Amino acid sequence: MTFGFLLYSWLLDVGRGVLRWLAGWWSVAFVGAQLMVLAFSPSSYRRESRGLVLRHKYFAAGPGLPGFTVLMALFNVVVIRIVVVTAFAYGLTQYALDAVVRVLVLELIPLAAALFVAVEYAIPSGSDLYKRRRAGDFETMRAHGTDPLSHEVLPRVLAGIFAVLLLAVVSCSISLILAYIAVHGFTLAGVPSYNHAVGQIFNPVVSLIFCMKTLLFAIAVALLPVGNALRDFPRRASRTSVELQGLVQLFVLMLVIEIASLVGNYY
């Protein structure tokens, strides 16, 4: 009887956990659907709204762009040097550029840009939204005829997406330039062969998967912290637990996206 009771309690706890997990993802999906409608609504881009979006874009991408660019440039130099020297040592010179572009540009840089924006902007922004919502600011805004979703939430989501895409584009461009210098040196003689090699890597399928992966990373980073901030957690839940749950969801979703892109590129 005791074993049956323990088994029943365990199954009940598991069922409740699964339901909470599903409810969390459903809440995020519902908020995302609402924001998608608002994003394509002309009324969301009046003069005041445009100012809010531009300000949040600056906060999301502006302060961190120089530091992230320098760090990624240093990281690229180290990785490119290791790959090129290793390829030369084993007589695989023709594969050095292919390995550099596939490892850095296709895989690491979009992931690094998404994680950087998540830590520097998206998660703190979601935490701020959660604090303001618990303090009753959203009800005050509704009482004054202002929609919190379009006034506070949408600008943050658009700014997060913009920041990930901007950092990814800048870092990929720098990585391609550094890869050319590492392989061909400071000369323009290797530009035709370099363009041909990179063009073979970025065929239409790989380019589509790369763009889709980067965009999905950006949406996940921008949406998940905000979606968790708008969820109805128990009163005992702290901001730290909300941030941690959002971070776990973010890692899970990014892992799924990365696995899907690897399957599309290499299988």
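What you are looking at is a predicted structure, and each value in this text was computed from that prediction instead of being measured.

Conventions adopted
- Residues numbered from 1 in each chain as written.
- Predicted model: local features only at pLDDT ≥ 70, side-chain atom pairs only at ≥ 80, totals over all residues.
- Heavy atoms only, no water.
- Core = buried A, V, L, I, M, F, W, Y, C linked by side-chain atoms within 4.5 Å.
- Buried < 20%, exposed > 50% of the residue type's maximum accessible area, 1.4 Å probe, protein only.
- Contact = heavy atoms within 4.5 Å.
- pLDDT = per-residue confidence, 0-100.
- Helix = DSSP H or I, 4+ residues; strand = E, 2+ residues; numbered from the N terminus.
- Salt bridge = Lys/Arg side-chain N within 4 Å of Asp/Glu carboxyl O.
- 1 Å grid on protein atoms, 1.4 Å probe; cavity = no way out; pocket = protein on both sides within 12 Å on 5 of 7 lines; lining within 4 Å.
- Points joined across faces, edges and corners; volume = space filled by probe spheres on them.
- Nonpolar A, V, L, I, M, F, W, Y, C, P; charged D, E, K, R; others polar.

Asker: Sorry, what's going on with the nonpolar core here?
Answerer: Counting residues in each nonpolar core, the largest one holds 63 residues, and the members touching the most others are Leu35, Val117, Val153, Val157, Val221, Leu230 and Leu250. Residues within four places of valine 153 in sequence aside, it is in contact with Leu35, Leu129, Pro148, Val226 and Leu230.

Asker: Just to check I follow, could you spell out the confidence of the model for the protein for this structure?
Answerer: Residues shown with low pLDDT carry predicted positions that ought not to be read at fine detail. Averaged over all residues, the pLDDT of the protein is 84; the fraction at 70 or higher stands at 93%. The least confident element of the protein is helix H1 (residues 2–39), whose mean pLDDT is 77; the most confident is helix H8 (residues 204–229), at 91.

Asker: What am I meant to see in the pattern of salt bridges here?
Answerer: Applying the stated criterion across every chain, the model contains seven salt bridges. The residue arginine 102 makes a salt bridge to aspartate 98 at a minimum N-O spacing of 3.0 Å. Taken together, the residues span about one helical turn, with arginine 102 and aspartate 98 both in helix H4 (residues 96–134) at a distance of four residues. Its relative accessible area of 27% is what places aspartate 98 among the partly exposed residues. Put simply, Asp128, Arg132, Asp137, Glu152 and Arg156 are held in one network by salt bridges that share partners.

Asker: So what exactly am I meant to see when it comes to empty space enclosed by the protein here?
Answerer: Any space left empty among the atoms is revealed by the rolling of a water-sized probe across them. Overall, the coordinates contain two cavities of 30 Å³ or more when judged by the stated rule. In this structure, the second largest cavity occupies an estimated 40 Å³ of space. Surrounding the second largest cavity, Tyr121, Ala122, Ser125, Arg156, Gly160, Val221, Ala222, Pro225 and Val226 form its lining. Every element with two or more residues in the lining of the second largest cavity is listed here: H4, helix H6 (148–184) and H8. Broken down by element, the lining of the second largest cavity gets its largest block of residues, four residues, from H8. Taken together, the residues of the lining of the second largest cavity break down into six nonpolar, two polar and one charged.

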